[in-house]
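Given next are the chains, with one letter for each unit.
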Amino acid sequence: MELSGIFGAGGALGRALPGFVVRDAQLALAHAVAATLDGGGVLLAEAGTGTGKTLAYLAPAVLSGRRVLVSTATKNLQAQILEKDVPLLAAALGRGVSAASLKGRQNYLCLRRFERFRARPLFRFAQEAAGYDLLERWAGATASGDRAELPALPDDYGPWREVCATSDTCWGARCPREADCHFQRHRRAAHRAQVVVVNHHLFFADLAVRAVSDGEVLPRAAAAVFDEAHHLEAVATQYLGVQVSPRRVADLVRDAEAVAGSGGELAPALRELEEASAGLWGALPRGDAPLRLRGHLEGEAQRGLEALVRAAEAWGRRLAPRQAENPDAEGLFRRSSELLEDLRRFAEAPGPEEVRWLDPRPRGTALQSAPVDVAPHLAASLYGRAEAVVLTSATLRVGGSFGYARTRLGVPPEARELVAESPFSWATQGLLYVPAAMPDPNAPAFAPRAAAEITQLLHSSRGRAFCLFTSHRALRTVAEALRGTLPYRLLVQGEQPREVLLQTFREDVHSVLLGAQSFWEGVDVPGEALSAVIIDRIPFASPGDPVVEARIESLRARGEDPFRGYQLPAAAMGLRQGVGRLIRDRGDRGVVAILDPRFLQKSYGRFLRESLPPFPLTRAPEEVARFFEPGEPTAVS
């Protein structure tokens, strides 16, 4: 079937989907993806909100007849593709579509580990014991073993760590439950499928496995499509880095005790490892913010690290003769060797292309390391992984150019570009409001003035708003100022699970949701419930963040302007994501309010405005109130 017969007037999608609207941009994107899959190379494709980009790359992927790997930013988007988009495409084509989804091991129940835990369940808190009945009933009934079937259990439910599949504890072919292993069954299905839907984290985990061994997690594919590709730099930074935390060592000690027992010949070396670990973490500087490490640790902390290296070496020597006894001992030895390698790395000074820092966490400070620039790594591994690679997102350009994405993601210069414009009517569907008189965002007067502006806007919009903040501190300050002053339900990030907040927001049409980073993107609330997006300030990354700081220094050392070349484009991309929460459908209308005066006052404001949809601009609050009055929408001059 030709693509025009799928996406065109009277086409297959129109017959399968009531209300389907023909979009020229969607068909153009589908043709560009098809040409890339057929001819190879790299395609950068920005597809505006409402374009229908998922079907635009799925259809040519299926029609190509070749195995295509589709990588998304989130597990939620994975589920949407497999449960909604693939069945719709199959109905339109009138035939089955060979597709499978695969997540990281930790998302699946390990039958062997669950049986061991069930024989002797241990809980840290009474709440964990209360939730165990649900976990046990589900474990006996689930066909998929996918933890996503347990939304009632909190994300940090402790027993899940004891029963999920992990590469560290997997027995592989020697496992007595290997034949009915949930993860292996999903993996086998992925190796049989033509379209394999994964997420970016799993994709980079697979790259990491391939870099150090002949193994692989994902099947080899002729082509790869990266949806929400603007996330690739952040995910690659995480997976190309190294971390050693108190929890990592404690988990190793706990698992070693389970395998070798708390007594016996291994016990002294294990106790030494545990004590040396406690000594290191106790000697590290304490603080609430990450602390950049420009060289070795100092004083007692460095001596503690060296002591932990010696303890890990001694533990490894004692464990080595036992590794052939059983799969658990073999896995312990592998983990111990990896831990020792990482500890030795931190005991040496950082390399010139590496940034290190101390990362404060609830269970203790961790040692972190990451490459300053991931572009060379992506250029070497990402684009050579498949003959054809498609990078797509609603936000790949900033300031009207793909230049930033090309630089940060190491995209080859010959890569093709396509812009599939959104079908929405920005002049009538939206309004951009920037207050006429606001203090500088760093001034003490900004927070109370922002709370007053937000209050006025919420009365005009009758609730129905996302208030997006660049920091949790600002969120909490405004939340306290608004609490008890609004006739609408106030939903605050951190007071309930994210999905609970979103579900409540959708159901209570006039509610107001205050959120920080995780609500700036990946949230889809079409319709009246979301009629205003209020952003407190331009989302510049903190220059004190160790990775950001190192990248600024690297660009400056190369004679480049880090603000224009890195900080500003990154902020523009983040701003585009936040603004993009507003108009999700042709019938949506709403106001974007940006309270940061720099958006209009600074010379770089023009770059930011050119990165956003061309909403009409107003500085008058009465124009906002008029926009929300009942009646036909009118453009603001």
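Residues numbered from 1 in each chain as written. Predicted model: local features only at pLDDT ≥ 70, side-chain atom pairs only at ≥ 80, totals over all residues. Heavy atoms only, no water.

Helices and strands together make up the secondary structure of the chain, namely 26 helices and 18 strands. Against the globule reference of 26 Å for 637 residues, the chain gives a C-alpha radius of gyration of 26 Å, in line with a compact fold. The principal-axis extent of the C-alpha atoms belonging to the chain is close to 80 × 60 × 55 Å. Across the 637 residues of the chain, 53% fall into the buried class. (Helix = DSSP H or I, 4+ residues; strand = E, 2+ residues; numbered from the N terminus. Rg over C-alpha atoms; globule rule 2.2 N^0.38 Å. Buried < 20%, exposed > 50% of the residue type's maximum accessible area, 1.4 Å probe, protein only.)

All right, on to the pattern of salt bridges then. One pass over the full model with this rule turns up 49 salt bridges. A salt bridge links Arg292 to Glu553; the nearest nitrogen and oxygen atoms lie 3.2 Å apart. Residue Arg292 is found in strand β7 (residues 291-293), and its partner Glu553 is found in helix α22 (residues 546-557); the two are separated by 261 residues along the sequence. Residues joined by salt bridges that share partners form a network here, namely Arg161, Glu162, Asp168, Asp251, Arg254, Asp255 and Arg335. (Salt bridge = Lys/Arg side-chain N within 4 Å of Asp/Glu carboxyl O.)

A large share of strand β10 (residues 388-393) lies buried, amounting to 6 of its 6 residues. Neither face of β10 is left uncovered, since the one carrying Ala388, Val390 and Thr392 and the one carrying Val389, Leu391 and Ser393 both have all their residues buried. Sheet analysis places strand β1 (residues 41-47) next to β10, joined by 6 bridges and oriented parallel. In the strand pairing of β10, Val42 is matched with Val389. (Pairing = 2+ DSSP bridges.)

The next subject is the sheet that holds strand β4 (residues 195-199). Ordered by their spatial adjacency, 7 strands build an open sheet running β3-β4-β2-β5-β10-β1-β11, and the pairing between neighbours is parallel. Two strands bound the open sheet, and with one partner strand each, they are β3 (99-101) and β11 (416-420). Strand-to-strand twist of the sheet, defined as the mean angle between neighbouring strand axes without regard to direction, takes the value 20 degrees. As judged from the 4 bridges shared by strand β5 (residues 223-226) and β10, these two strands associate in the parallel manner. Each bridged residue has a counterpart across the sheet, and for Phe226 the counterpart in β10 is Leu391. (Axes fitted to C-alpha atoms, helices over the stretch in contact; angles between N-to-C directions.)

With that settled, consider the packing of aromatic side chains. A ring pair, where both rings are aromatic, is described by two values, the distance of the centres and the angle of the planes. Inspection of the entire model under this criterion finds 15 aromatic pairs. Aromatic pair Tyr108 and Phe183: ring centres 5.9 Å apart, planes at 55 degrees, arrangement tilted. Taken together, the residues span a long stretch of sequence, with Tyr108 in the loop between β3 and α6 (111-119) and Phe183 in helix α9 (residues 182-192) at a distance of 75 residues. Note on accessibility: Tyr108 and Phe183 belong to one class, buried. Measuring from ring centre to ring centre gives 6.5 Å for Phe466 and Phe519, while their planes differ by 80 degrees; the resulting arrangement is edge-to-face. (Phe/Tyr/Trp six-rings, centres within 6.5 Å; stacked < 30°, edge-to-face > 60°.)

Another point: the packing of α22 against helix α23 (residues 562-579). Working note: a packed helix pair is described by the angle between its axes plus the distance between those axes. Axis separation between α22 and α23 bottoms out at 9 Å; the angle between their running directions is 155 degrees. One finds that α22 runs roughly antiparallel with respect to α23. In this structure, the crossing between α22 and α23 has a hand that is right-handed. Residue-level contacts link Val548, Arg551, Ile552, Leu555 and Arg556 of α22 to Pro562, Tyr566 and Gln567 of α23. Tallied by class, the residues present in the contact of α22 with α23 amount to 5 nonpolar, 1 polar and 2 charged. (Parallel < 35°, antiparallel > 145°, perpendicular 65-115°, else oblique. Left-handed = near helix turned anticlockwise from the far one by under 90°. Contact = heavy atoms within 4.5 Å. Nonpolar A, V, L, I, M, F, W, Y, C, P; charged D, E, K, R; others polar.)

Structurally, Ala394 is set in the loop between β10 and α17 (403-408). Sequence spacing of Ala394 and Asp440 is 46 residues, and the spatial spacing of their C-alpha atoms is 30 Å. Setting aside chain neighbours within four positions, we find Ala394 in contact with Glu46, Ala47, Thr49, Lys53 and Arg576.

Glancing now at α23. With 18 residues, α23 should reach 26 Å at 1.5 Å per residue; the first-to-last C-alpha distance of 24 Å fits that figure. Largest kink in α23: about 30 degrees, centred on Leu568, with the proline Pro569 one to four residues after it. Counted residue by residue, α23 has 13 buried out of 18 residues, so it is predominantly covered. At the N-terminal end of α23, a side-chain oxygen is found 3.0 Å from the backbone nitrogen of Phe563, two or three residues along, and the residue is Asp561. (Expected span 1.5 Å × (residues − 1). Bend = angle between axes of the 7 residues up to and from the residue. Polar contact = N/O pair within 3.5 Å; in protein donor to acceptor, adjacent residues only side chain to side chain.)

Attention now goes to the side chain of Thr36. Along the chain, the position of Thr36 falls in helix α3 (residues 24-39). Residue Thr36 is classed as buried on the basis of its relative accessible area, which comes to 0%. Within the structure, the side chain of Thr36 is placed 2.9 Å from the backbone oxygen of Ala32, a separation counted as a polar contact. Sequence-distant contacts of Thr36, defined by excluding residues within four places in its chain, comprise Gly41, Leu43, Ala388, Val389, Val390 and Arg416.

Paired through backbone hydrogen bonds, the strands of a sheet run either parallel or antiparallel to each other. Strand order in this open sheet of 4 strands is β6-β9-β8-β7, and the pairing throughout is antiparallel. The open sheet has two edge strands with one neighbour each: β6 (242-244) and β7. The average undirected angle you get between the axes of adjacent strands in this sheet is 20 degrees. Where strand β8 (residues 354-359) meets strand β9 (residues 366-371), 6 bridges bridge the pair, whose relative direction is antiparallel. Residue pairing in the sheet places Val355 in a bridge with Ala370 of β9. Across the sheet, α22 lies against β7, β8 and β9, angled at about 155 degrees from β8, the strand it touches most.

Every second residue of strand β12 (residues 430-433) is oriented toward a common face, with Gly430 and Leu432 on one face and Leu431 and Tyr433 on the other, all of them buried. Pairing of β12 with strand β17 (residues 590-594), which is carried by 4 bridges, proceeds in the parallel orientation. By the bridge assignment for β17, Tyr433 is matched with Ala593. Judged from the 2 bridges that link them, β12 and strand β18 (residues 617-618) form a sheet pairing that is parallel.

Within the chain, residue pLDDT values average 92, and 98% of them lie at 70 or more. In this model residues 632-637 is a low-confidence stretch, pLDDT under 50, and it forms 8 contacts with partners more than four residues away in sequence or in other chains. (pLDDT = per-residue confidence, 0-100.)

Glancing now at the side chain of Arg406. Tracing the backbone shows Arg406 in helix α17. Polar side-chain contacts of Arg406 include one of 2.6 Å to the backbone oxygen of Ala415. Here Arg406 is in contact with Leu44, Val411, Pro412, Pro413, Ala415, Arg416 and Glu417, once residues within four sequence places are set aside.

So, about the packing of α6 against helix α7 (residues 126-141). The contact between α6 and α7 brings their axes to 12 Å, and the two run at 140 degrees. The orientation of α6 relative to α7 falls into the category oblique. With respect to the hand of their crossing, α6 and α7 are arranged in left-handed fashion. Residues Phe114, Phe117 and Arg118 of α6 form the contact with α7, whose participating residues are Tyr132, Glu136 and Ala139. Partitioned by chemical class, the residues of the contact of α6 with α7 number 4 nonpolar, no polar and 2 charged.

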